[in-house]
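# Fold and geometry: a report
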Amino acid sequence: MNAPVLNTTAPHKQHLIDPEICIRCNTCEETCPVDAVTHDDNNYVVDPDKCNFCLDCIAPCPTGSIDNWRMVGKPYTVAEQFSWNELPVQEQIELNAAAEKGDGEAEDDEAARLIAQAHQGAGGKSIAPASASKPKINLYNRSKPALATVTGNLRLTAAEADNDVRHIILDFGAQVFPVLEGQSIGIVAPGTDKDGKPHNIRLYSVASPREGEKTGANNLSLTVKREPNGVCSNYLCGLKKGDQVQVTGPFGATFLMPDDPSANIIMICTGTGSAPFRGFTERRRRNMKDAPGRMMLYFGARRPEELPYFGPLQKVPDGLLRKHFAYSRVAGEPKTYVQDRMRQTADEVAVFLKNDRTHVYLCGLKGMESGVDEAFADICRGAGIDWSGLRTQMRAQGRYHVETY
Ligand code: A2P
């Protein structure tokens, strides 16, 4: 598909990225087949002269920030978009012009049709829980990073495990670096790639609650898996106490915890996708001790020795967190994924789903998204719930959240 010729006299749709929600993970730039997505130290943006509305970037975006559109007479330039901290409001003059076109005609518009199709993807548009605290975002970027000091780097998986997963604590000293449970930070690995360019910033979910590892500490923790040939993960996993790290962010304004003690939370994760849920659990444990809302975790790993925080998790009381583990590679036992454990405990899931205070969060391998969706559909079928309708409603109400990679 070639880039559409922009008619500057008639209003048309422009594809934009919401700088408030974008977590700067670079997925859209890596996905775009025509190099229309680009970035500077501040923002990821879409070049209106290159974008051909193929929508390849929409489904992989973990936050839905990519899925923003404005009717414009004259497209916003790349330079203008770089300077934004938030999306501009829809220009009134363009809205009027669009209204003149009539709703029916707008519906026929090719881009509108494709966009509607993309919305049916597994992730969908993200909306923060209504009760979530207001996050701070984008306080630091590559040209003005925060400088954190490593105060801990602890291996979480057993010595004989396949995966080296670490709990890394970063202290911000006197710098202000506020985060909420569910937000991410960017890590700038030092050095350059094979082309002499600075390495891409890599995103990591914060694994601690907003107060840090200890109440009053100005620190946060990350759960990092050493990836073969992973520049940033090997850099982080190799850090020693006292080392300094350049940090950007915080990022993310939708994958946030409801700040409501009566909210029920179903958390589904694999491997390091558990990071935000450690933050959620600690928040409830420390600040909402007698919360009437219930929390339930489905956690998938190869074996118990591979499951990050296995030991500490055993000590979290069931009253605070109902835990369901799914192991895929235990000798002599059938391969079990999180979606299989969900089916095995369908009654519990159905009770949660029937309650309109329930929020669902998925974090981890992209591959689990469809499996988990099918498990929800099966469970709902058995319980007389229309899953597709419920999921749409939960998304619109900020009660269904997906962050997969
Ligand atoms: P598998 O044994 O098939 O790799 P990892 O250890 O690589 O971080 O993965 C975490 C867990 O997620 C593993 O148990 C892995 O199983 C499992 N997993 C892999 N693919 C999927 C999927 N499509 N749905 C759910 N879990 C998956």
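Our subject is the structure that appears above.
Structural notes, computed from the coordinates. Predicted model, so just to flag it, every value in this text is computed and none were measured.

For the rest of this paragraph, the subject is the nonpolar core. Counting residues in each nonpolar core, the largest one holds 26 residues, and the members touching the most others are Ile268, Leu353, Val360 and Phe376. Secondary structure elements with two or more residues in this core: β11 (264-270), β12 (295-301), α9 (338-344), α10 (346-353), β14 (358-364), α11 (368-383), α12 (387-396) and β15 (400-404). No other element matches α11, which puts 7 residues into this core. Apart from the residues within four sequence positions on either side, Leu353 is in contact with Ile266, Val360, Phe376, Cys380, Ile385, Trp387, Leu390 and Met394. Counting residues in each nonpolar core, the second largest holds 25 residues, with Phe255, Met257, Met267 and Met295 among its members.

Taking burial as the measure, the 7 residues of β14 include 7 buried ones, the bulk of the element. Examined bridge by bridge, β11 and β14 share 6 bridges and lie parallel to one another. Within the sheet, the bridge partner assigned to Ile268 lies in β14 and is Leu362. Pairing between β14 and β15: 5 bridges, direction parallel. The residue bridging Gly364 from the neighbouring strand is Thr404, located in β15.

Quick look at the sheet that holds strand β9 (residues 219-225) now. Spatial strand order, β8-β7-β10-β5-β6-β9: 6 strands in an open sheet with antiparallel pairing. Of all the strands in the sheet, the pair left with one neighbour each is β8 (202-205) and β9. For this sheet, the mean inter-axis angle between neighbouring strands, taken without regard to orientation, is 40°. As defined by bridge partners, strand β7 (residues 184-188) adjoins strand β10 (residues 244-251) across 4 bridges and the pair is classed as antiparallel. Along β10, the bridge assignment pairs Ser184 with Phe251.

Once that is clear, we can look at the sheet that holds β15. Spatially, β13-β12-β11-β14-β15 is the arrangement adopted by the 5 strands of the open sheet, whose pairing is parallel. Taken across any chain shown, the strands that pair with only one partner, and hence form the sheet edges, are β13 (322-327) and β15. Between one strand axis and the next, the sheet turns through 10° on average, direction left out of account. Contacting β11, β12 and β14, helix α7 (residues 275-287) crosses the sheet at an angle of about 150° to β11.

Neighbouring the ligand are 14 residues, the closest being Arg302, Ser328, Arg329, Lys335 and Tyr337. Interatomic distance of 2.5 Å between a side-chain N/O atom of Tyr337 and an oxygen atom of the ligand. Residue composition of the shell around the ligand, by class: 4 nonpolar, 6 polar and 4 charged.

Right, let's get into α12. Among the residues of α12, those classed as buried are Trp387, Leu390, Arg391, Met394 and Arg395. Taken around the axis of α12, the buried residues stretch over an arc of 135°, which confines them to a single face. One side-chain oxygen at the N-terminal end of α12 lies 3.3 Å from the backbone nitrogen of Ser388; it belongs to Asp386. The positive-phi residue at the C-terminal boundary of α12 is Gly398, with phi of around 65°.

By the definition in use, this model includes 14 aromatic pairs. Measuring from centroid to centroid gives 5.3 Å for Phe255 and Tyr361, while their planes differ by 80°, and the two rings are edge-to-face. A residue pair is termed long-range when its members are at least 10 positions apart, and Phe255 in the loop between β10 and β11 and Tyr361 in strand β14 qualify at 106 residues. No difference in accessibility class separates Phe255 from Tyr361, as the two residues are buried. With 5.8 Å between their ring centres and 65° between their planes, Trp387 and Tyr400 make a pair best called edge-to-face. Of this pair, Trp387 sits in helix α12 while Tyr400 sits in strand β15, and the two are 13 residues apart along the sequence. Pair check on accessibility: Trp387 and Tyr400 agree, each one buried. Sitting above the plane of the Tyr140 ring, Lys144 keeps its charged end 5.0 Å from the centroid.

Turning our attention to the environment of Ala161. For Ala161, the location among the structural elements is in the loop between β5 (146-155) and β6 (165-171). Along the sequence, Ala161 and Arg302 sit 141 residues apart, while their C-alpha atoms lie 9.2 Å from each other. Sequence-distant contacts of Ala161, defined by excluding residues within four places in its chain, comprise Arg155, Glu305 and Glu306.

Following the sequence through the fold, Gly152 ends up in strand β5. Owing to a relative accessible area of 9%, Gly152 belongs among the buried residues under this scheme. Along the primary structure Gly152 and Leu239 are separated by 87 residues, whereas in three dimensions their C-alpha atoms are 8.9 Å apart.

Looking now at the side chain of Asn52. Position of Asn52 among the secondary structure elements: in the loop between β3 (44-46) and β4 (68-72). The exposure class assigned to Asn52 is buried, which follows from its relative accessible area of 6%. Within the structure, the side chain of Asn52 is placed 3.1 Å from the backbone nitrogen of Cys54, a separation counted as a polar contact.

By the secondary structure assignment, Asn68 is in strand β4. In this structure Asn68 comes out as buried when scored by relative accessible area, which is 12%. In this structure the C-alpha to C-alpha distance between Asn68 and Ile58, which are 10 residues apart in sequence, comes to 9.7 Å. Here the side chain of Asn68 touches Ser65 through a polar contact of 3.0 Å, landing on its backbone oxygen.

About the thresholds
- Residues numbered from 1 in each chain as written.
- Predicted model: local features only at pLDDT ≥ 70, side-chain atom pairs only at ≥ 80, totals over all residues.
- Heavy atoms only, no water.
- Core = buried A, V, L, I, M, F, W, Y, C linked by side-chain atoms within 4.5 Å.
- Buried < 20%, exposed > 50% of the residue type's maximum accessible area, 1.4 Å probe, protein only.
- Helix = DSSP H or I, 4+ residues; strand = E, 2+ residues; numbered from the N terminus.
- Contact = heavy atoms within 4.5 Å.
- Pairing = 2+ DSSP bridges.
- Axes fitted to C-alpha atoms, helices over the stretch in contact; angles between N-to-C directions.
- Near = heavy atom within 4 Å.
- Polar contact = N/O pair within 3.5 Å; in protein donor to acceptor, adjacent residues only side chain to side chain.
- Nonpolar A, V, L, I, M, F, W, Y, C, P; charged D, E, K, R; others polar.
- Arc of directions from axis to C-beta.
- Phe/Tyr/Trp six-rings, centres within 6.5 Å; stacked < 30°, edge-to-face > 60°.
- Lys NZ or Arg CZ within 6 Å of the ring centre and 35° of its normal.

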